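Structure at a glance
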Amino acid sequence: MNGLIFNLQRFSTKDGPGIRSTAFLKGCNLNCLWCHNPESINGHKELKYIESACVHCGACASACPQNCLVVDETSWHWEEHSCIFCGDCVQACPHDALGLWGEDYTPRQLTDELLKDREYYGDSGGGVTFSGGEALLQNEFLFECLSLLKDAGIHTAVDTALSVEWPLIEKVLPVTDLFLIDVKGMDTEAHLKNIGVEPQLIRENIGRMKTLAESPEVHVRIPLVKGLNDDPALIPEMIKLLRGWKALKRVELLSYHSLGVDKSAQLVAGGEQELLEAPDREIMDEFFLKLTAAELPVAKH
Ligand code: SF4
Ligand code: SF4
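Residues numbered from 1 in each chain as written. Chains lettered and ligands numbered in written order. Predicted model: local features only at pLDDT ≥ 70, side-chain atom pairs only at ≥ 80, totals over all residues. Heavy atoms only, no water.

What to know about the pairing of strand S9 (residues 155-160)
- Most of S9 sits out of view: five of its six residues are buried.
- Alignment of strand S8 (residues 127-131) against S9, held across four bridges, turns out to be parallel. If you follow glycine 127 over to S9, its bridge partner there is histidine 155.
- For the segment spanning S8, helix H5 (residues 139-151) and S9, crossover handedness is right-handed.
- Of the pairings in the sheet, the one linking S9 to strand S10 (residues 178-182) comprises four bridges and is parallel in character. Bridging from a neighbouring strand, threonine 160 pairs with isoleucine 181 of S10.
- In this fold, S9 hands off to helix H6 (residues 166-172), which returns the chain to S10; that crossover is right-handed. (Buried < 20%, exposed > 50% of the residue type's maximum accessible area, 1.4 Å probe, protein only. Helix = DSSP H or I, 4+ residues; strand = E, 2+ residues; numbered from the N terminus. Pairing = 2+ DSSP bridges. Right-handed = clockwise from strand over helix to strand, strands pointing away.)

Have a look at this one:
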């Protein structure tokens, strides 16, 4: 069984407690307007092309065994349907203008790679986090990796939006120490527009997680984007959703940043992301104060 990984980030301090390694799994069933990892959405390998670095030398086209690159003095064209993602063009490019997003791993291969940093995890109270994309979609692969890591005594975390059928969540519960859950909006219509799906399934899954007799610890992360999901009138709904959740130990408010915009421009097949805005400071403060007043464990932003 293979999983498709598009990034392995070592020494991460933002994806759970301590020093962690984060494996980013490719493939997502959402389409957030502010996605930080637009290269994660497609569940297949993809070619990355940095137009500003390309000098149109044609070395990539000469190296391609499938003849799927056509380069002249002013244009660079890729025939996606005949590409076998061998990476020969990436190796041939003298200007680092090309890259591949997506690498196959077996659970054992990925786990062995992640265990190379185990001494850092132990010393810092860290571990391994699986993110995406939507990590739960590669469910069997994820379960195998989590199981191998648990057997090795490593703290495990899964970063998810919970917009999947319950059995995919249930399967990994026994081998996950921490769920990092992204709550991306409360208004149903805006959720559909901003995220690409209605929030019903996510709400149902949160409801089920709240009733678990034995639950992994939960941290909720709330990304806020000006004009899209930062209306303070939605705070009471948010409180209603999160209140009374015994496993919830931390709530983080995350202000928009534009990381995904540059990356989306490098995807050869795919649309460019629009630049959005971070919420005003007063709005962030209002969310913080009202969620804190509701006795939710909000981290200082
Ligand atoms: S990855 Fe391989 S097949 Fe695809 S364009 Fe590059 S050289 Fe050609
Ligand atoms: S080898 Fe690199 S620099 Fe040359 S044409 Fe291809 S992408 Fe551009």
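From this point, the narrative continues.
Some points on the sheet that holds strand S12 (residues 248-255)
- The strand order S7-S1-S2-S8-S9-S10-S11-S12 describes an open sheet built from eight strands, whose pairing is mixed. The sheet is open, and its two borders are formed by strand S7 (103-105) and S12, each paired with just one other strand. Averaged over all adjacent pairs, the angle separating strand axes in this sheet is 30 degrees, with direction ignored.
- Across five bridges, strand S1 (residues 3-12) lies against strand S2 (residues 20-25) in antiparallel orientation. If you follow serine 12 over to S2, its bridge partner there is arginine 20.
- The sheet contacts of helix H11 (residues 281-293) involve strand S11 (217-224) and S12, and relative to S12 the element is tilted by about 170 degrees. (Axes fitted to C-alpha atoms, helices over the stretch in contact; angles between N-to-C directions. Contact = heavy atoms within 4.5 Å.)

Examining the site of ligand 2
- Taken together, the neighbourhood of ligand 2 is formed by 14 residues, with Cys54, Cys57, Gly58, Cys60 and Cys93 sitting nearest.
- Taken together, the residues of the shell around ligand 2 break down into 11 nonpolar, three polar and no charged. (Near = heavy atom within 4 Å. Nonpolar A, V, L, I, M, F, W, Y, C, P; charged D, E, K, R; others polar.)

Section: the packing of helix H9 (residues 235-242) against H11
- As a packed pair, H9 and H11 sit with axes 10 Å apart at the nearest point and diverge in direction by 40 degrees. Classified by the angle their axes make, H9 and H11 are oblique. Handedness of the H9/H11 crossing: right-handed. For the pair formed by H9 and H11, the contact residues are Ile235, Met238 and Ile239 on the first element and Glu286, Phe287, Lys290 and Leu291 on the second.
- Each residue belonging to the contact of H9 with H11 can be placed in one class, and the counts come to five nonpolar, no polar and two charged. (Parallel < 35°, antiparallel > 145°, perpendicular 65-115°, else oblique. Left-handed = near helix turned anticlockwise from the far one by under 90°.)

Section: the nonpolar core
- Counting residues in hydrophobic clusters, the biggest one holds 56 residues, and the most contacted among them are Phe130, Met209, Ile222 and Trp245.
- Ignoring any residue separated from it by four or fewer positions in sequence, one finds methionine 209 in contact with Leu162, Trp166, Ile169, Leu173, Phe179, Ile181, Ser215, Val218 and Trp245.
- Ranked by size, the runner-up nonpolar core spans 16 residues in total, among them Leu47, Tyr49, Trp76 and Leu98. (Core = buried A, V, L, I, M, F, W, Y, C linked by side-chain atoms within 4.5 Å.)

Description of the domain arrangement of the chain
- By the assigned domains, the chain splits into domain 1 (3-43 + 106-293) and domain 2 (46-101).
- Here domain 1 and domain 2 have C-alpha centroids that lie 33 Å from each other.
- Between domain 1 and domain 2, a total of about 880 Å² is buried, with carbon and sulfur atoms accounting for 61% of that surface.
- Our count for the contact surface shared by domain 1 and domain 2 stands at one salt bridge. (Domains from an automatic or database assignment. Buried area = accessible area lost by both parts, 1.4 Å probe. Salt bridge = Lys/Arg side-chain N within 4 Å of Asp/Glu carboxyl O.)

Structural notes on the side chain of asparagine 205
- Relative to the assigned elements, asparagine 205 resides in helix H8 (residues 200-210).
- Engagement of the side chain of asparagine 205 in a polar contact is seen with the backbone oxygen of leucine 162, the distance being 2.7 Å.
- When near neighbours in sequence (up to four residues on either side) are disregarded, asparagine 205 contacts Leu162, Val164, Trp166 and Ile169. (Polar contact = N/O pair within 3.5 Å; in protein donor to acceptor, adjacent residues only side chain to side chain.)

Description of the pattern of salt bridges
- Within this structure, the stated rule accounts for 17 salt bridges.
- Notably, a salt bridge pairs glutamate 140 with lysine 171, separated by 3.2 Å at the nearest N-O pair. You can see glutamate 140 sitting in helix H5 and its partner lysine 171 sitting in helix H6, a full 31 residues away along the chain.
- When the shortest N-O distance is used, the salt bridge between aspartate 177 and lysine 150 registers 2.9 Å.

Comments concerning H8
- Inspection of H8 places Ile202, Asn205, Ile206 and Met209 among the buried residues, and these make up the whole buried set. For H8, the angular spread of buried residues about the axis comes to 100 degrees, placing them on one side.
- The inward-facing, buried residues of H8 abut H6, S10, helix H7 (188-195), S11 and H9. (Arc of directions from axis to C-beta.)

Comments concerning unusual backbone geometry
- Across the junction of glycine 132 and glycine 133, the peptide omega takes the value 10 degrees, indicating a cis bond.
- As for its placement among the helices and strands, glycine 133 is situated in the loop between S8 and H5.
- Its identity is not glycine, yet histidine 56 carries a phi of approximately 60 degrees, on the positive side.
- Looking at the element boundaries, histidine 56 is found in the loop between strand S3 (46-49) and helix H1 (59-63).
- You can call histidine 56 partly exposed: its relative accessible area is 23%.
- Located in the positive-phi region is asparagine 67, a residue other than glycine, with phi close to 55 degrees.
- With respect to the element layout, asparagine 67 can be found in the loop between H1 and strand S4 (69-71).

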